[in-house]
Number of protein chains: 2
Amino acid sequence: MEYRRVKDQEIYDDLSQKDVESLSGRTLSSANTTAIGPASAGGAKANSSWKLKSVVTLALTLLTSSQAILIVWSKRAGKYEYSVTTANFSVEALKCLLSLAALFRTWNCHGVTDDNRLTTSFDEVGVYPIPAVLYMVKNLLQYYIFVYVDAPAYQILKNLNIISTGVLYRIILKKKLSEIQWAAFVLLCAGCTTAQLNPSSDHVLQTPIQGWMMAIVMALLSGFAGVYTEAIIKKRPSRNINVQNFWLYIFGVIFNLVAICVQDYDAVMNKGFFHGYSFITVLMILNHALSGIAVSMVMKYADNIVKVYSTSVAMLLTAVVSVFLFNFHLSLAFFLGSTVVSVSVYLHSIGKLQPQK
Amino acid sequence: MEYRRVKDQEIYDDLSQKDVESLSGRTLSSANTTAIGPASAGGAKANSSWKLKSVVTLALTLLTSSQAILIVWSKRAGKYEYSVTTANFSVEALKCLLSLAALFRTWNCHGVTDDNRLTTSFDEVGVYPIPAVLYMVKNLLQYYIFVYVDAPAYQILKNLNIISTGVLYRIILKKKLSEIQWAAFVLLCAGCTTAQLNPSSDHVLQTPIQGWMMAIVMALLSGFAGVYTEAIIKKRPSRNINVQNFWLYIFGVIFNLVAICVQDYDAVMNKGFFHGYSFITVLMILNHALSGIAVSMVMKYADNIVKVYSTSVAMLLTAVVSVFLFNFHLSLAFFLGSTVVSVSVYLHSIGKLQPQK
């Protein structure tokens, strides 16, 4: 059951990475139009972009931190009563619908332009399934890594994602981090891992070489998918994000349809598509769809580094909220890890100023 | 027994803080005389001072890291066969003798000057017992804190020393640390604590308010004593360090004589002063005396911040060496803590450059 929990959580995590903004049509256009003020158009635009970045980062943090809590609530007596593949499909389909809804709104306000038309070329859309395929390969690997690694050790190893994202962000997107920001990134990884330490965490030191190799490959696949999504979205900066999202999500819908057929075909045929859905399940699906939108906005208006910080802080927030909701026990390791993560966030922000000197 | 171990270790730690350089007569004078070269006297002097600082810091790190190992070796079947107060007295007396020996050497080479004469004024020596008194009060408190705190929790709380030293260093010596260096200092504290985590560390969260207050007072006393010693030694930069040390240690000798009379009078009278001493005990006393000398040199030629970094790195080195010597088990928490401490050392060193810009 622990294994299933981790696996499902991971699938949700992955899904939320292939996301796209859909409600932002109005927000974005208003941000872009109100930016041109009388005094300093450039300054106002930078200010507006900074605000947008902050809002999407905050949204991602809050949505991600409530994700794990909704997952716990959606389970009754420790097991899922609904089929997880149909929930994943619903999340992808909802994101597609929200993208389309936002597009309709944009078309109504501003008309159809080259940047917001839905039709696309193979040149543009040909790379869109790549992140989805990367995540699929990673999810397949996930079934095999548990041969070598137990669930608590896997939770620890997942923090390798932080390092792989940083390294691939540097290599693929060719963006530089300052020395202090690199130090902060190492601290973020160490701090997150420390915060998650529990008495059985030391199992991870007994991980066989195959387990390490698989964990590293999975971290690279996940990091590569994230960085690649950013590259795709940023390649056409003026292209409407809802169109980009629609094409990203449509592959998510297709892949999840395949997953339903492979994994839960009998259950869906016998008990129905929405069997076991509760109010909390619906809330959870809505939360995942909105988180996905937030991830996409962070990719478009900030970057993968901001995303990693945001989801790491969300992990800590989840634990704090769980103290009140589930009588969760906070360990000394959690406080120490949180301190290190906080210092890391601080260093990342002051480290940014260095290159300007 | 665990309690006794912690207590004794602490007494040694404290003793080694009231130390003074004694072997350095030749080293220092040669460093000071060879510094005036033909090309750039200032540059050569800075370079020589940097070398001296590095050598004393390295010496302190290596001596401190072997301290705990010698203490373990000096015990047979988990208990001390010698009386700890006589060992402390021997350390202080040895440091006094080494200071005098170094002084004789200096007098022979350079003659007696105002800076290296042993005679002193009340104005100079009047403040010398203050650190010793502070440590004594702290050691007395130590007997009472165990009413509220168990030994593993006390090991964790001792890391408050790091923070108190930083704060008092700033307030009393009025030396500024850069933002990055402050962040590094918080990380040093979090990293050291993380490296020492074990399954029973969470006890510390159940520490009652009295335990916290006493731990904080003890950290302040210890930090204040360290910073005060630095202030005393640095107040007269040209004064020979061996003279300064002699006067510091003579109070250590007196206070430890009192401790023998109070604590181990019967044992010393019945079994003799050196009862239970082995080769390892002698080695340990020599190590403590030399560590004391190294602490003093770090205080004179570097500062309390360098001392804290040095002893923190020594703690990690001790653990690594213990893997080979005692089949010590390194935990995941140790690796994470060591990573954080390493990043902290790195940040402290790059943070230094900031104020020069």
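- In the nomenclature of an unreviewed UniProt entry, chain A is known as CMP-sialic acid transporter 2 of Zea mays.
- If you open the UniProt record of chain A and go to Sequence similarities (unreviewed entry), you find "Belongs to the nucleotide-sugar transporter family. CMP-Sialate:CMP antiporter (TC 2.A.7.12) subfamily."

### Observations regarding the overall build of chain A
Thought 1: A count of helical and extended segments in chain A gives 15 helices and zero strands.
Thought 2: Every one of the 357 residues in chain A was classed for burial, and the buried ones make up 54%.
Thought 3: Considering only intrachain contacts with a sequence separation of at least 6, the fraction spanning at least 24 residues in chain A is 89%.

### Examining the interface of chain B and chain A
Thought 1: The interface is formed by 29 residues belonging to chain B together with 29 residues belonging to chain A.
Thought 2: Where chain B abuts chain A, roughly 2300 Å² becomes buried across the two surfaces, and 79% of that area is made up of carbon and sulfur atoms.
Thought 3: Area buried by chain B at its contact with chain A is led by B:Leu205, B:Leu332 and B:Leu336, which between them contribute 22% of it.
Thought 4: Where chain B touches chain A, the interface holds zero salt bridges.
Thought 5: In this assembly, chain B and chain A are joined by two residue pairs in polar contact (both at pLDDT 80 or more).

### Some points on the pattern of salt bridges
Thought 1: Counted under the stated rule, the structure contains twelve salt bridges over all chains.
Thought 2: Among the ionic pairs, A:Arg236 bridges to A:Asp123, the shortest N-O distance being 3.4 Å. You can see A:Arg236 sitting in the loop between helix 10 (209-235) and helix 11 (241-263) and its partner A:Asp123 sitting in helix 5 (residues 122-125), a full 113 residues away along the chain.
Thought 3: Exposure remark for A:Asp123: the relative accessible area of 54% places this residue in the exposed category.
Thought 4: With a shortest N-O distance of 3.3 Å, B:Lys175 and B:Glu230 are connected by a salt bridge.

### Observations regarding the packing of helix 4 (residues 84-110) of chain A against helix 11 of chain A
To characterise two packed helices, one gives the angle between the axes of the helices and the distance between these axes.
All names here are of chain A.
Thought 1: Helix 11 packs onto helix 4 with a crossing angle of 160° between their chain directions and a minimal axis gap of 8 Å. Viewed along their axes, helix 4 and helix 11 adopt a mutual orientation that is roughly antiparallel. Our pair here, helix 4 against helix 11, has a crossing hand that is left-handed.
Thought 2: Partitioning the contact of helix 4 with helix 11 into residue classes produces 14 nonpolar, ten polar and two charged.

### Side note on the relation of the copies chain B and chain A
Thought 1: At an RMSD of 0.0 Å, chain B and chain A line up after a rotation of 180° and a shift of 0.0 Å along the axis. On the angle and the small slide along the axis, the relation comes out as a two-fold axis. Minimal C-alpha separation from the rotation axis in chain B is found for B:Pro199, amounting to 2.9 Å.
Thought 2: Comparing interface residues between copies, 100% of those in chain B also lie at the interface in chain A; the contact surface is shared.

### With respect to a nonpolar patch on the surface
All names here are of chain A.
Thought 1: A contiguous nonpolar surface patch, about 490 Å² in accessible area, is contributed by Val72, Trp73, Val321, Leu325, Phe326 and Phe328.
Thought 2: Those elements that provide at least two residues to the nonpolar patch are helix 3 (41-74) and helix 14 (304-326).
Thought 3: Considering every element that reaches the nonpolar patch, the biggest residue donor is helix 14, with three residues.
Thought 4: Along the chain, Val72 falls in helix 3.
Thought 5: Residue classification places Val72 among the partly exposed residues on the basis of a relative accessible area of 40%.

### Overview of the packing of aromatic side chains
Residue and element names in this part refer to chain B.
Thought 1: For the structure on display, the rule yields 20 aromatic pairs over all chains.
Thought 2: Centroid distance Tyr82 to Tyr277: 5.9 Å. Interplanar angle 65°. Geometry classified as edge-to-face. Separated by 195 residues along the polypeptide, Tyr82 in the loop between helix 3 (41-74) and helix 4 (84-110) and Tyr277 in the loop between helix 12 (265-271) and helix 13 (279-301) bring together distant segments of the chain.
Thought 3: Accessibility expressed as a relative area gives 3% for Tyr82, which makes it buried.

### Let's talk about the nonpolar core
Thought 1: By size, the foremost hydrophobic cluster in this structure holds 91 residues, and its most contacted members are A:Leu347 and B:Leu347.
Thought 2: Apart from the residues within four sequence positions on either side, A:Leu347 is in contact with A:Ile180, A:Ala184, A:Leu187, B:Ala183, B:Leu187 and B:Leu347.

### Some points on the UniProt feature "transmembrane region" (unreviewed entry) in chain A
Thought 1: According to UniProt, the "transmembrane region" (unreviewed entry) feature falls on residues 180-197, 209-233, 245-265, 277-299 and 306-326 of chain A.
Thought 2: The distance separating the terminal C-alpha atoms of residues 180-197 of chain A is 25 Å; by composition the span is 89% helix and 0% strand.

### Here's the deal with the side chain of A:Ser201
Thought 1: Here A:Ser201 is to be found in the loop between helix 9 (179-195) and helix 10.
Thought 2: A polar contact is formed between the side chain of A:Ser201 and the backbone nitrogen of A:Asn198, at a distance of 2.7 Å.
Thought 3: Discounting chain neighbours no more than four positions away, the residues touching A:Ser201 are A:Ile156, A:Gln196 and B:Leu332.

### A closer look at helix 8 (residues 160-172) of chain B
Residue and element names in this part refer to chain B.
Thought 1: Between its first and last C-alpha atoms helix 8 spans 18 Å; for 13 residues at 1.5 Å apiece the expected length is 18 Å, and the two agree.
Thought 2: Among the residues making up helix 8, those that are buried are Asn161, Ile162, Ser164, Thr165, Gly166, Leu168 and Tyr169.
Thought 3: Considering only its buried residues, helix 8 is in contact with helix 9 (179-195), helix 10 (209-235) and helix 14 (304-326).
Thought 4: At the C-terminal side of helix 8, Lys174 shows a positive phi close to 55°.

### Considerations on the packing of helix 6 (residues 129-145) of chain B against helix 11 (residues 241-263) of chain B
All names here are of chain B.
Thought 1: At a minimum axis distance of 9 Å, the contact between helix 6 and helix 11 shows a crossing angle of 30°. Considering the angle they form, helix 6 stands roughly parallel to helix 11. As helix 6 packs across helix 11, the resulting crossing turns out to be right-handed. Listed contacts from helix 11 to Pro129, Ala132, Val133, Met136 and Tyr143 of helix 6 are Phe251, Phe255 and Gln263.
Thought 2: For the contact of helix 6 with helix 11, a count of residues per class yields seven nonpolar, one polar and no charged.

### Examining the environment of A:Trp247
Residue and element names in this part refer to chain A.
Thought 1: Looking at the secondary structure, you find Trp247 in helix 11.
Thought 2: A C-alpha to C-alpha distance of 6.9 Å links Trp247 and Val125, two positions 122 residues apart in sequence.
Thought 3: With near-sequence residues (within four places) excluded, Trp247 lies in contact with Leu118, Thr120, Val125 and Tyr128.

Cut-offs applied
Residues numbered from 1 in each chain as written. Chains lettered and ligands numbered in written order. Predicted model: local features only at pLDDT ≥ 70, side-chain atom pairs only at ≥ 80, totals over all residues. Heavy atoms only, no water. UniProt positions renumbered as here; feature names shortened; annotations may be inferred. Helix = DSSP H or I, 4+ residues; strand = E, 2+ residues; numbered from the N terminus. Buried < 20%, exposed > 50% of the residue type's maximum accessible area, 1.4 Å probe, protein only. Contact = heavy atoms within 4.5 Å. Buried area = accessible area lost by both parts, 1.4 Å probe. Salt bridge = Lys/Arg side-chain N within 4 Å of Asp/Glu carboxyl O. Polar contact = N/O pair within 3.5 Å; in protein donor to acceptor, adjacent residues only side chain to side chain. Axes fitted to C-alpha atoms, helices over the stretch in contact; angles between N-to-C directions. Parallel < 35°, antiparallel > 145°, perpendicular 65-115°, else oblique. Left-handed = near helix turned anticlockwise from the far one by under 90°. Nonpolar A, V, L, I, M, F, W, Y, C, P; charged D, E, K, R; others polar. Least-squares fit on C-alpha atoms with pLDDT ≥ 70 in both. Patch = residues over 30% accessible without salt bridge, like charges linked within 9 Å, V, L, I, M, F, W, Y side chains within 5 Å. Areas by Shrake-Rupley, 256 points an atom, 1.4 Å probe, with all protein chains shown as cover. Phe/Tyr/Trp six-rings, centres within 6.5 Å; stacked < 30°, edge-to-face > 60°. Core = buried A, V, L, I, M, F, W, Y, C linked by side-chain atoms within 4.5 Å. Expected span 1.5 Å × (residues − 1).

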